[in-house]
Every structure is written in C-alpha cells, then in structure tokens.
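Per-entry structural report
Here are the chains, one letter per residue:
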Amino acid sequence: MLRLVSLKLGRLYRYVKLAVLGSLAAALVLNTHSLLASLQRNELSERRFLQLNKCPACWGTSWCRKFLNGQLRLESWGRLRLLDFFNVKNVYFARYGEPREGSRRVVLKRLGSAQELADIDTKICRRATGRGRCDLLQALPATEFASLNGDVRLLTPGAVEGWSDLVHCPSQRLLDRLVRRYAETKDSGSFLLRNLKDSERMQLLITLAFNPEPLVLQSFPSDEGWPFAKYLGACGRMVAVNYVGEELWSYFNAPWEKRVDLAWQLMEIAEQLTNNDFEFALYLLDVSFDNFAVGPRDGKVIIVDAENVLVADKRLIRQNKPENWDVWYESKFDDCDKEACLSFSKEILCARVTVDHNYYAVCQNLLSRHATWRGTSGGLLHDPPADIAKDGRLEALLDECANPKKRYGRFQAAKELREYLAQLSNNVR
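The name an unreviewed UniProt entry assigns to the chain is DIA1 protein, from the organism Furnarius figulus. Note on the chain: under the UniProt heading Subcellular location (unreviewed entry), the record states "Secreted". Taken from UniProt, the Sequence similarities (unreviewed entry) comment for the chain reads in full: "Belongs to the DIPK family."

Written out as structure tokens, the structure reads:
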C-alpha cells in the first residue's frame, strides 16, 4: 500500500514538473520579442529598476554613478524578468567594471521580496498618515525618521531601541559606531548625527528600521577581520556586496577533509562573534546553510546574510548590571521538525555577559545530526570516516554542543569541539 502511494506521488511530482516546464516554455515563446529586448537592455542603469525614485526611503546613493553609467550589468539569465518569479529574495549576480579592463562578480540585493519592500512603503504611510497608501516622499517628513533632524546631535538608544534586531538593545557606543562608519555619506568618520545631510540621515534611519544588514556590514567590516561579506555601495533600493563564492549547502557532500575545515571555521566564527576585543557580542538569530558562503580560492567561510544579527554591548551590561547579568546563559535545545530552528530570548541575550547562543546555533543547525536542510539530514559532519566514528568523540561533542546533558555543558563542548576540529583539520592538510 505504501509503495503504491509513493509511486502515485512520484508520478504526480513528474506531471507537475512537466507542467511547470511546459508553461515556462510557452511563456518563453510568447514573449520572445520582449525577452530579446530585456537581454539587450541594461536595467541596472535605469532609475526605475533601481527604485531610485523612492529615495530617501531607500538604502543609499553612493554607487549610483556606477549604476547609471552602465558599469554594472546583470549576468545572463538575471536579465530575464520572467524569472523573477523564482527569485523571491531579489538577489542578482552582476559584473562590475569594463570587460576589457577586467570585470569582477558582485552580488546585488534589494534586501527583501517585492512584498516586503511594498510593506515598507505601507508602514511609512501608516506612520505618517494613518493610511496604507500615500505619496511616499510627501509622507516622510511626518515620520519619526524626519524628527531626528539636523538639530539632533547624537543618535540615542531611546530613539531607536527595538527598531530592528541590530538595535534591539542598543548602547550609545554601538550607535556612535553605526553613524561614524556609515558608508552612504561622503563625510564618514563623525559620530554626530547632525553632520549628515537630511537625505543621508533619513536613509540611515530607514535602513536601521527595516533592514539593517548594510549597517552590520559597514560597522563590522571584512577589512578588519569580521566574517561578513564586503559592503560596496548602494543605489536606491539596491545594494552591492562582493561575491564570496558558492553557498555552504553546496558543500554538504564535499570530501570529509573539506567539511572538517569548514566546520572548524564555523565554530571559530561563533567564537569571534561571541568573544572579541571590542566587547560587542553579535548573535546570529538566523543560521542556515544559505546564510554562509565559501571562497573558491581561499576556502574561507563568510556570512552572506546578516539581516538578523542582534548586537549586545557587554560593557554596558557590566555597567548597568541587570538581574542575573553575570549568570551564564544556556540556550534551550529546540527539537522541531522544520529547517533552521532556534530557540532564544532577545531580552536575555541583551542582559547577560556570558551566552552560548552562537555555539548552539552553529552546532544544532549546521554541524550535528539534528541539522536538516533541503531534504538532507545529519549535518555538515555526516558520515565521518570509520576510525572517527568508532572513536565516538566527535559525535559526543556535537551532541553535547547541540543538546547538552550537563549544566554549562555546551560551553565546554564548544571549546573542545573547536580544538578537536582544528586537530582533525591539521591532520588531513
């Protein structure tokens, strides 16, 4: 009976697949003329495609000259708007520079789906007029983004707390860092909000409220050793970051030696974001195989989706001493049947100095047998060699890191796991 059901489901899947492919083929034939036109046109030089008309309710304008001068071109199939149906995240690959002089690959992001971007307009309109639709540019002066005008000296925690994960519990030190490193102004380097132009200030605040990923990349830049993609610039509602490489999930079945090295790097990232000389704890609230990419040449693991990062200022926590601030916080294992599950309390992340959240997120969602992704299971370290499987140490460390049985067990397991993976990685190099 079960076999009969599976056969029927298999046939149904094939029929649906054929129907979708047939529909696409028909659409291609019917729209041949427009498809050829879109292949020849460089939409990245068009203000409408960039949604430049939305500014200052946009991500920035620092790269507009490069866009509008035709220095960026979408790669091959990225020029076909028909395929936008499958590009839900609005992520595009493009070439930057002149082919004769040597172009390089970059990644362009709208920082949201079409619906999410439309929701931003709706939220701005509701804040300004109480209605869901309005003239966006006329509505902006009536929002809280405009109230922080040129008379305001500093961006303060009370003005932005809770706007997004990045500033769920902001400190003055963090906000000064965001303003000082804001890349969408020609006069970066000052932490004074009033030194920004009105349009720049509005762009900064809207980015902070609706999708702070660009600000994470600017404030914790790869040039200083932070494990994030390099921010390049923005034009309208399109930002450009450097292309890192293939996403981590494409290495799920890579040779064991490669997966060990990647796993060690992931644990090192978890450690760096948790404990660093700057005393900012950057907690990853969304950890899955498509949030990381691997450099094809150096094999370096980089975070390529930094929208959901909560930053806690450890100095401020020590200074304010909230209740139980010095009690180690253990994240609770979440054995759910979905991909990339995490259990956490933002309030606790903001109020404790010693937290194991990043170790937990990496171990549960990427490395251990509890990790699932696109129908695969067993985590990045699945099917170890026979001698390692027989030894049992790796499995025990992964289990304790994902779902600890001893109090504070994850802290110790994460430390030992980093050391053990480093040892294994050195042995196979």
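After that view of the structure, there is still more to cover.
A few words on the pairing of strand S2 (residues 91-96). Burial of the side chains of S2 is restricted to one face: Tyr 92, Ala 94 and Tyr 96 are buried, whereas none of Val 91, Phe 93 and Arg 95 on the reverse face is. Here S2 pairs with strand S3 (residues 104-109) via 6 bridges, running antiparallel. Paired with Tyr 92 across the two strands is Leu 108, which belongs to S3.

Attention now goes to helix H10 (residues 198-210). In an α-helix, one turn spans 3.6 residues; hence positions three or four apart end up facing the same way. When the terminal C-alpha atoms of H10 are compared, their 18 Å separation across 13 residues agrees well with the 18 Å that a helix rising 1.5 Å per residue should span. With 11 of its 13 residues buried, H10 lies for the most part within the structure. Taken as a whole, H10 has its buried residues at Glu 200, Arg 201, Met 202, Gln 203, Leu 204, Leu 205, Ile 206, Thr 207, Leu 208, Ala 209 and Phe 210. Contacts made by the buried residues of H10 are with helix H5 (114-129), helix H7 (144-147), helix H8 (157-160), helix H9 (172-180) and helix H11 (213-219).

Taking strand neighbours across the sheet as the criterion, the 5 strands line up as S1-S2-S3-S5-S4 in an open arrangement whose pairing is antiparallel. Each having just a single partner strand, strand S1 (72-74) and strand S4 (231-235) make up the two edges of the open sheet. Taken over all neighbouring pairs, the strand axes of this sheet differ in orientation by 35 degrees on average, direction set aside. As judged from the 4 bridges shared by S3 and strand S5 (residues 238-242), these two strands associate in the antiparallel manner.

Another point: the packing of aromatic side chains. A complete count under the given rule lists 14 aromatic pairs for this structure. For the ring pair Phe 220 and Phe 280, a centre distance of 6.0 Å and an interplane angle of 85 degrees mean the geometry is edge-to-face. With Phe 220 in the loop between H11 and S4 and Phe 280 in strand S7 (residues 280-284), the pair connects residues that are 60 residues apart, well separated along the chain. Through a chain of ring-to-ring contacts, three or more aromatic side chains come together here, namely Phe 220, Trp 226, Phe 278 and Phe 280. We note Lys 66 situated over the ring of Trp 63; from NZ or CZ to the ring centre the distance is 5.4 Å.

This brings us to the sheet that holds strand S8 (residues 292-294). If you trace the 3 strands from one edge of the open sheet to the other, you get S6-S8-S9, paired in antiparallel fashion. Each edge of the sheet is formed by a strand with only one pairing partner; in this case those strands are strand S6 (246-247) and strand S9 (301-303). Pairing of S6 with S8 involves 2 bridges; the strand directions are antiparallel. Directly across from Glu 247, in S8, lies its bridge partner Ala 293. This element, helix H12 (residues 256-274), spans S8 and S9 of the sheet and lies at about 45 degrees to S9.

With that out of the way, let us pick up the layout of surface pockets. Quantified by volume, the largest pocket comes out at close to 960 Å³. Lining the largest pocket we find 37 residues, and of these Lys 89, Val 91, Lys 109, Val 304 and Asp 305 sit closest to its centre. The set of elements that each furnish at least two residues to the lining of the largest pocket consists of S2, S3, H5, H10, S5 and S6. Residue contributions to the lining of the largest pocket peak at 5 residues, all from H5.

Scanning the entire structure with this criterion turns up 19 salt bridges. Arg 315 is the partner of Glu 279 in a salt bridge, and the nearest nitrogen-oxygen pair spans 2.9 Å. Remark: Arg 315 occurs in helix H13 (residues 314-320) and Glu 279 occurs in the loop between H12 and S7; sequence separation between them is 36 residues. A residue is classified by how much of its surface remains accessible, and Glu 279, at 23% relative accessible area, is partly exposed. Here Asp 356 and Arg 410 are joined by a salt bridge, their closest N and O atoms 2.8 Å apart. Of this pair, Asp 356 sits in the loop between helix H14 (346-349) and helix H15 (357-367) while Arg 410 sits in helix H18 (residues 409-428), placing them 54 residues apart in sequence. No difference in accessibility class separates Asp 356 from Arg 410, as the two residues are buried.

Once that is clear, we can look at the state of the cysteines. For the coordinates displayed, the defined rule picks out 5 disulfides. Each disulfide pairs two cysteine sulfurs, and for Cys 169 the partner residue is Cys 350, the sulfurs being separated by 2.1 Å. Here Cys 169 and Cys 350 share a disulfide; its torsion about the S-S bond, -80 degrees, makes the bridge left-handed. Placement of the pair is Cys 169 in the loop between H8 and H9 and Cys 350 in the loop between H14 and H15, with a sequence separation of 181 residues. Cys 169 sits in the buried class, given a relative accessible area of 16%. Of the residues examined, Cys 350 reaches a relative accessible area of 15% and is grouped as buried.

Criteria and cut-off values
Counting restarts for each chain, with residues numbered from 1 along the sequence as it is written. Owing to the predicted nature of the model, reporting of local features is limited to residues with pLDDT of at least 70; listing and counting of side-chain atom pairs is limited to 80 or more, with chain, interface and lining totals taken over all residues. Values reported for side chains reflect all heavy atoms of the structure, with hydrogen atoms and water molecules removed beforehand. UniProt positions are given in the numbering used here, feature names are shortened, and annotations may be inferred rather than shown by experiment. Only protein chains enter the accessibility calculation, which uses a 1.4 Å probe; a residue is then buried when its area is under 20% of its type maximum, exposed when over 50%, and partly exposed in between. Think of it this way: any DSSP run of H or I at least four residues long counts as a helix, any run of E at least two long counts as a strand, and we number them from the N terminus. One requirement defines pairing of two strands: DSSP has to find at least two bridges between them. One less than the residue count of a helix, multiplied by 1.5 Å, gives the span that helix is expected to have. Pairs of residues are marked as contacts when any of their non-hydrogen atoms sit within 4.5 Å. All axes are obtained by fitting lines to C-alpha atoms, using only the stretch in contact for helices, and the reported angles, taken between N-to-C directions, cover 0 to 180 degrees. Think of it this way: a Phe, Tyr or Trp ring, Trp meaning its six-membered ring, pairs with another when their centres are within 6.5 Å, and the plane angle makes it stacked under 30 degrees, edge-to-face over 60, tilted otherwise. Think of it as a cone above the ring: NZ of Lys or CZ of Arg counts as a charge over the ring if it is within 6 Å of the ring centre and within 35 degrees of the ring normal. For cavity detection a 1 Å grid was placed over the protein atoms alone, and a set of points counts as a cavity when a 1.4 Å probe fits there but cannot get out; an open set counts as a pocket when protein lies on both sides within 12 Å along at least five of seven lines, with lining residues being those that have an atom within 4 Å of a point. Grid points are joined across faces, edges and corners, and a volume is the space filled by probe spheres set on the points. When a carboxyl oxygen of Asp or Glu lies within 4 Å of a side-chain nitrogen of Lys or Arg, that pair is called a salt bridge. Whenever a pair of cysteine sulfur atoms sits within 2.5 Å, that pair is classed as a disulfide.

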